[in-house]
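# Results of the structural survey
What follows is each chain in one-letter form.
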Amino acid sequence: MRTTPFPRSIYHSALRFILASMLTFVGLLGVTAFASPAALAAGMTSAQTTGGREPGGDLSNPVVRQVDIASPAVVRLATIYTAHITLSLCGADVTLPSTEPGYTLGGLGSGAFISANGDILTAGHVVNIDRADLDPVIFQSPESAQQIADAIDSASCLGVTVSATDVENGAVQALGIPYSTTYSAPRRYAWRDTSYTGPITPSPQDAADELTGLFKAQTFDASVVAYSSFTQDDVAIVHIPLTDTPSITLDDASNVEVLDTLTVIGFPGNGDATNDPTNLLTPSVNTATVSAIKRNDDGAELIQVGGNIEHGDSGGPALDSNGHIVGIVSFGGSDTEGITAFLRSSNSAMPLINANGISMKPGTFERRWEQAFGDYASTRVGHWHTAARELDALANDYPDFRGILPYKVYADEFATHETLPGAVSPLLGTDLLLVIVGLIALVVIVGVALAGLLLLQRRRARARLVATPVAATGQPVPPAALGGPVPMGGAPPLPGMGAYGPYGYSGSPAANGAGANGYTGYAPYQPYQPYQPYQSFPSAPAPYQAGNPPVADAPTGVDLAVNAAPTTPAYLGYPRRPPAQPSPQAGQAPQAAAASDKDKALDEQAGERTGEQAGT
């Protein structure tokens, strides 16, 4: 007896249902597991950066990246003297100040590490300040000016009364009072910038002057390794007792061409908004366009640039697009300050570097910092995990490198949301589990439904067999006679198809497969000091005059005045915070201030170093 098979319509419906379920599952799996990790990272970045930009600025700009890498190697420098002035009044010599250590004078400049051993490249005139630039500061400081005025008022033979303002405006020179000045051996200091140290915390109160503010931060004694005078190449190398320092590579300046864009990092005095050490040690970054390539009197290369370069940038590095030093800020036009400036070529520093055996090979710190920052600025998938790991290790191994913290915190945060290639995404951790559980439940439900349908159909088939009519002859009545369906397999097959048609055949083939000195009108960028309140100075000191080159750190017994000639406008000393008075006037020199307690203590030791030799 033949049983009735399960109807094909039920099979097809079940198969279509299962196929749709599987396609849904594959689609969900693709969205969660095979979506582009880069796209996920991009979406995450977009969502998370709404509240602010990532530290470092526009990292898609290679110049910005190079400046970020170079900045921790930039330093601020100071050269400090203590001075006395002796006035000839009524046949007697009056030496001021009457107490030690004397007036504190000096200047500030910029520089950059060029080795892993604490060697700093700067300008020669930053470490060797001409005596002619120091003298005017004594008359322009409120403290010394008042003492000089008191001494003149006490000289009965003169019969005049002058004020401190009169002295600042040239009363001593106008009265023809003879005077002489003496200076201690210079002391030199260096400070790492906030790109390395981070903010100076706890933030101290604003100091009375720059020098006092700077001494609130960690201070390093610096010694001169070698230098060339301003009339020559105006470059110098100083050393501080540190190892494994960040450094910037020197490049061949002969590759610099007109209209190249350079980046200057330094400490312009006009950028000293306050005397808080965090402000004083935050470097300024400016761009300069190469205007011309010229030559010094001795044939050395000069790079003329146009851009915002000022006093205080002296000695600062000028970087090319690769972040390499190609120039050192030297001097600018006295009538176009901040517009036209001249850089000494990096090639001018090479003789000093080679003669002193200075290795410019980057140290461990520099190599690790460049690698970590490169991974931080990358866009490849997984870079946040790599950068976070490297920055965390760097911060742990160099605890003084506090400038790394903003990068470290940012990378750590992004790494927690980044999907690594081949790793299960956060979506797969929960949503995929729900999808799998749902699919299993779906398959179970479909299986139960199919089993139920099959069982029901078989029961119906048995019922039909039991109720089959029997003719009087004892033979079953043919189904056709009863008006019922013809049993499967009872109809003649189509030619070549057997009992059943081909699976999935639609009847249409198409539906089944188609388918420089001596430069008249120019002055070297002296280590900057801020503006003095306006005073009508009777006559401005003449810019570069003919004369012998200045000599610094002369041996004991050598009269510096014999060797020095006026070469620059009045050198700017360390003033106290200027009182509220009329606006400053360009070219007017500021006030000098007394030394801080630390400075005074150091000054007392200065006499022991009067025999220091230039270039040692």
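Throughout, a residue's number is its position along its own chain's written sequence, starting from 1. It should be noted that, the model being predicted, local features are given only for residues of pLDDT at least 70 and side-chain atom pairs only at 80 or more, the latter also being counted only at that level, while totals for whole chains, interfaces and linings use all residues. To obtain the side-chain values, all non-hydrogen atoms of the structure were used and water was disregarded.

Starting at the N terminus, helices and strands are each numbered in turn, a helix being any DSSP run of H or I of at least four residues and a strand any DSSP run of E of at least two. Regarding its fold elements, the protein presents 19 helices and 15 strands. Across the 616 residues that make up the protein, the buried fraction comes to 45%. Surface accessibility in these figures is a Shrake-Rupley result with a 1.4 Å probe; residues are shielded only by whichever protein chains are displayed. Accessible surface, the protein as shown: approximately 29300 Å² in total, 58% of it carbon and sulfur. For every residue, the accessible area obtained with a 1.4 Å probe (protein chains only) is divided by the maximum for its type, and the residue is called buried under 20%, exposed over 50%, and partly exposed between those limits.

Take unusual backbone geometry next. Between Leu96 and Pro97 the backbone carries a cis peptide bond, its omega angle lying at -10°. Along the chain, Pro97 falls in the loop between strand S2 (92-96) and strand S3 (103-113). At the junction of Glu100 and Pro101, the peptide bond is cis and its omega measures out at 5° in the coordinates. As for its placement among the helices and strands, Pro101 is situated in the loop between S2 and S3. Backbone geometry places Asp244, a non-glycine residue, at a positive phi of 55°. With respect to the secondary-structure elements, Asp244 resides in the loop between strand S8 (236-239) and strand S9 (261-266). Judged by relative accessible area, which is 24%, Asp244 ranks as partly exposed. Positioned with a positive phi, Leu259 is a non-glycine residue whose angle comes to about 80°. For Leu259, the location among the structural elements is in the loop between S8 and S9. Relative accessible area serves as the criterion here: at 66%, Leu259 is assigned to the exposed category.

On to the packing of helix H3 (residues 62-70) against helix H13 (residues 364-376). Axis angles are defined between N-to-C directions and span 0 to 180 degrees, where every axis is a line fitted to C-alpha atoms and, for a helix, only to the segment in contact. In the contact formed by H3 and H13, the axes pass within 10 Å of each other and the chain directions differ by 145°. At the point where H3 passes H13, the crossing takes the right-handed sense. Residues Arg65, Asp68 and Ile69 of H3 form the contact with H13, whose participating residues are Glu366, Trp369, Glu370 and Phe373. Across the contact of H3 with H13, the residue classes break down as three nonpolar, no polar and four charged. Should the near helix be turned anticlockwise from the far one by less than a right angle, the crossing is termed left-handed; should it be turned clockwise, right-handed. What makes two residues a contact is simply this: any of their non-hydrogen atoms within 4.5 Å. Amino acids outside the nonpolar list (Ala, Val, Leu, Ile, Met, Phe, Trp, Tyr, Cys, Pro) and the charged list (Asp, Glu, Lys, Arg) are all regarded as polar, and Gly is one of them.

Once that is clear, we can look at the nonpolar core. We define the nonpolar core as a collection of buried residues of types Ala, Val, Leu, Ile, Met, Phe, Trp, Tyr and Cys that are connected through side-chain atoms lying within 4.5 Å of one another. Ile120, Leu121, Ile240, Ile248 and Ile325 are the most contacted members of the largest nonpolar core, which totals 37 residues. Looking at this core, the element that brings in the most residues is strand S7 (residues 220-227), giving five residues. Look past the residues within four positions of Ile240 in its chain and what remains in contact with it is Phe113, Asn117, Gly118, Ile120, Ala190, Phe220, Asp221 and Ala222. Of all hydrophobic cores here, the second largest spans 26 residues; its members include Ile85, Tyr103, Val162 and Ala164.

Let's shift gears to the state of the cysteines. Cysteine sulfur atoms that come within 2.5 Å of each other are treated as a disulfide pair. Counting across every chain of the model gives one disulfide. What pairs with Cys90 in a disulfide is Cys157, and their sulfur atoms sit 1.6 Å apart. What sets the handedness of the Cys90 and Cys157 disulfide is the S-S torsion sign, and at about -95° it is left-handed. Pair noted here: Cys90 is in the loop between strand S1 (74-89) and S2 and Cys157 is in the loop between helix H6 (142-154) and helix H7 (164-168), with a separation of 67 residues, a long-range link.

Moving on, we come to the packing of H13 against helix H14 (residues 383-397). The contact between H13 and H14 brings their axes to 8 Å, and the two run at 150°. Taken together, H13 and H14 sit at an angle that is classed as roughly antiparallel. Between H13 and H14 lies a crossing whose hand is left-handed. On H14, the residues touching Phe365, Arg368, Trp369, Gln371, Ala372, Asp375 and Tyr376 of H13 are His383, Trp384, Thr386, Ala387, Glu390, Leu391, Ala393, Leu394 and Asp397. Counted by class, the contact of H13 with H14 contains nine nonpolar, three polar and four charged residues. Geometric relationships in this document are graded by angle, where less than 35 degrees denotes roughly parallel, more than 145 denotes roughly antiparallel, 65 to 115 denotes roughly perpendicular, and other angles denote oblique.

For H3, every residue scored as buried is listed here: Val67, Asp68, Ile69 and Ala70. The secondary structure elements touched by the buried residues of H3 are S1, S9, strand S10 (284-295), strand S12 (317-319), H13 and helix H15 (405-415). Two to three positions downstream of the cap, the backbone nitrogen of Val63 sits 2.9 Å from a side-chain oxygen, assigning the N-cap of H3 to Asn61. By the criterion applied in these results, polar contacts are pairs of N or O atoms within 3.5 Å in which, for protein atoms, one can donate a hydrogen and the other can accept it, and in which residues neighboring in sequence qualify only through two side-chain atoms.

Bringing the pattern of salt bridges into the picture now. We define a salt bridge as a side-chain nitrogen of Lys or Arg found within 4 Å of a carboxyl oxygen belonging to Asp or Glu. What the rule picks out here adds up to six salt bridges. Where Asp272 meets Arg76, a salt bridge forms, and the shortest distance between an N and an O atom there is 3.0 Å. Of this pair, Asp272 sits in the loop between S9 and helix H11 (277-280) while Arg76 sits in strand S1, and the two are 196 residues apart along the sequence. Since its relative accessible area comes to 13%, Asp272 is described here as buried. On the basis of relative accessible area, Arg76 is assigned to the buried category, the value being 0%. Two residues, Arg380 and Asp375, come together in a salt bridge whose shortest N-O distance is 2.7 Å. Three or more residues joined by partner-sharing salt bridges are found here, namely Asp392, Lys408 and Asp412.

Note on aromatic contacts: the rings of Phe and Tyr and the six-membered ring of Trp form a pair at centre separations within 6.5 Å, being stacked when their planes are under 30 degrees apart, edge-to-face when over 60 apart, and tilted otherwise. Using the criterion set out here, one finds 22 aromatic pairs in the structure. With centroids separated by 6.3 Å and ring planes inclined at 80°, the aromatic side chains of Tyr81 and Tyr183 adopt a geometry described as edge-to-face. Here Tyr183 lies in strand S5 (residues 179-183) and Tyr81 lies in strand S1, a separation of 102 residues in the sequence. The exposure class assigned to Tyr81 is buried, which follows from its relative accessible area of 6%. With centroids separated by 4.8 Å and ring planes inclined at 45°, the aromatic side chains of Trp384 and Phe414 adopt a geometry described as tilted. With Trp384 in helix H14 and Phe414 in helix H15, this pair connects stretches of sequence that are 30 residues apart. Judged on exposure class, the residue Trp384 and its partner Phe414 are both buried. Members of the aromatic cluster, joined through ring pairs, are Tyr196, Phe365, Trp369, Phe373, Tyr376, Trp384, Tyr398, Phe401, Tyr407, Tyr410 and Phe414. The criterion is that NZ of a Lys, or CZ of an Arg, lies within 6 Å of the ring centre and within 35 degrees of the ring normal, and then a charge sits over that ring. Note that Arg192 overlies the ring of Tyr196, its terminal NZ or CZ placed 3.7 Å from the centroid. Positioned above the aromatic ring of Phe230, the side-chain terminus of Arg344 is 5.2 Å from the ring centre.

With that settled, consider the confidence of the model for the protein. The quantity known as pLDDT measures the predictor's confidence residue by residue, on a range of 0 to 100. This prediction gives the protein a mean pLDDT of 73; 59% of its residues lie at or above 70. Under a pLDDT of 50 for its full length, residues 31-51 has, in the predicted model, 19 contacts with residues more than four places off or in other chains. Under a pLDDT of 50 for its full length, residues 425-429 has, in the predicted model, nine contacts with residues more than four places off or in other chains.

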